[in-house]
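# Reading the structure
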Amino acid sequence: MSSNENHFITHWQVQAALGEVVDIIGDAESLPRWWPSVYLQVRVLEPGDSNGIGRRVGLYTKGWLPYTLRWSFRVTESNSPHGFTLVAEGDFVGRGIWAFKQKGECVDITYDWKIEAEKPLLKRLSFVMKPLFALNHRWAMARGEESLRLELERRHTPAAARRSISAPPPATPSHPFRWFVYVLGFHGKGG
């Protein structure tokens, strides 16, 4: 594995119906609403076919660390409703595979993400920073699982009672100084 190549496998399990999870995760444009700690902006660039194959999505994202990424993905395979494969380009180059399986009242979710960091700063520092990149990915995916659970709760709660559900975790600051202040604990919400 090259110094800027990373391979992450994430497992989630949520109480939901398979179709509901597929609808939420498959709706790229809604990511900034329910997973705002990672997805800052999302735009569908090409719609793809009726199964989503060929759909191209542009993203502006971040994790816990104080940098942002611009990248896009194209859906290259669909095994609806059991998952799909995407190919990434931009600050990330690689592929991601989402897999969904109904198990009783729960859905098992696996995300297999194999990428190379192409953003110049990340590429140059990856030989030293690889453990931090892995931590950053685990943080982002943990926020995703938490945010998905909150989104499912919102969908299952009558409209009048939804105000009692916590907002999804916000993004951390992107500016290094503001991020450092945030990490030290002198912060409000996100930023």
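Since the structure is predicted, the reported quantities are computational estimates derived from the model, not experimental observations. (Residues numbered from 1 in each chain as written. Predicted model: local features only at pLDDT ≥ 70, side-chain atom pairs only at ≥ 80, totals over all residues. Heavy atoms only, no water.)

Here we come to the overall build of the chain. Looking only at helices and strands, the chain features four helices and seven strands. Going from the N terminus to the C terminus, the chain shows its helices and strands as β-α-α-β-β-β-β-β-β-α-α. Since a compact globule built from 191 residues should have a radius of gyration of about 16 Å, the 17 Å found for the chain is in line with a globular shape. For the chain, the spread of C-alpha atoms along the three principal axes comes to 45 × 40 × 30 Å. Across the 191 residues in the chain, those meeting the buried criterion constitute 46%. For the chain, the proportion of contacts with a sequence separation of at least 24, taken over those separated by at least 6, is 50%. Accessible area for the chain stands at about 10200 Å²; split by element, carbon and sulfur atoms hold 56% of it. Side-chain charges in the chain split into 24 positive and 19 negative, and the spacing between the mean points of these groups amounts to 7 Å. (Helix = DSSP H or I, 4+ residues; strand = E, 2+ residues; numbered from the N terminus. Rg over C-alpha atoms; globule rule 2.2 N^0.38 Å. Buried < 20%, exposed > 50% of the residue type's maximum accessible area, 1.4 Å probe, protein only. Contact = heavy atoms within 4.5 Å. Areas by Shrake-Rupley, 256 points an atom, 1.4 Å probe, with all protein chains shown as cover. Lys, Arg positive; Asp, Glu negative; His and termini not counted. Charge placed at Lys NZ, Arg CZ, Asp CG, Glu CD.)

Another aspect to go through is the pairing of strand E5 (residues 83–90). Looking at chain direction, strand E4 (residues 68–78) and E5 are connected through seven bridges and run antiparallel. Residue pairing in the sheet places Trp 71 in a bridge with Gly 90 of E5. Linkage of E4 to E5, two consecutive antiparallel strands, is achieved through a turn of four residues. Relative to strand E6 (residues 92–103), E5 is paired through six bridges, and the arrangement is antiparallel. Looking across to E6, one finds that Gly 83 is bridged to Ala 99. With antiparallel pairing between neighbouring strands as the criterion, E5 and E6 make up a hairpin whose turn holds one residue. (Pairing = 2+ DSSP bridges.)

Residues of helix H1 (residues 18–26) that are buried: Leu 18, Glu 20, Val 21, Val 22, Ile 24 and Ile 25. As for H1, its buried residues are in contact with strand E1 (5–15), helix H2 (31–34), E5, E6, strand E7 (106–117) and helix H3 (120–156).

Among the structural elements, Asp 91 can be located in the loop between E5 and E6. Since its relative accessible area comes to 15%, Asp 91 is described here as buried. A polar side-chain atom of Asp 91 sits 2.7 Å from the main-chain amide nitrogen of Arg 70. Those residues in contact with Asp 91 that sit more than four places away from it in its chain are Thr 68, Leu 69, Arg 70, Trp 71, Glu 116, Ala 117, Glu 118 and Lys 119. (Polar contact = N/O pair within 3.5 Å; in protein donor to acceptor, adjacent residues only side chain to side chain.)

Turning next to the nonpolar core. Across soluble globular proteins, nonpolar side chains have a tendency to be buried as a group. The biggest cluster of nonpolar side chains holds 45 residues, and the ones touching the most others in it are Ile 25, Trp 98, Phe 100, Ile 109, Trp 113 and Leu 148. Of the residues forming this core, the biggest block, eight residues, is contributed by H3. (Core = buried A, V, L, I, M, F, W, Y, C linked by side-chain atoms within 4.5 Å.)

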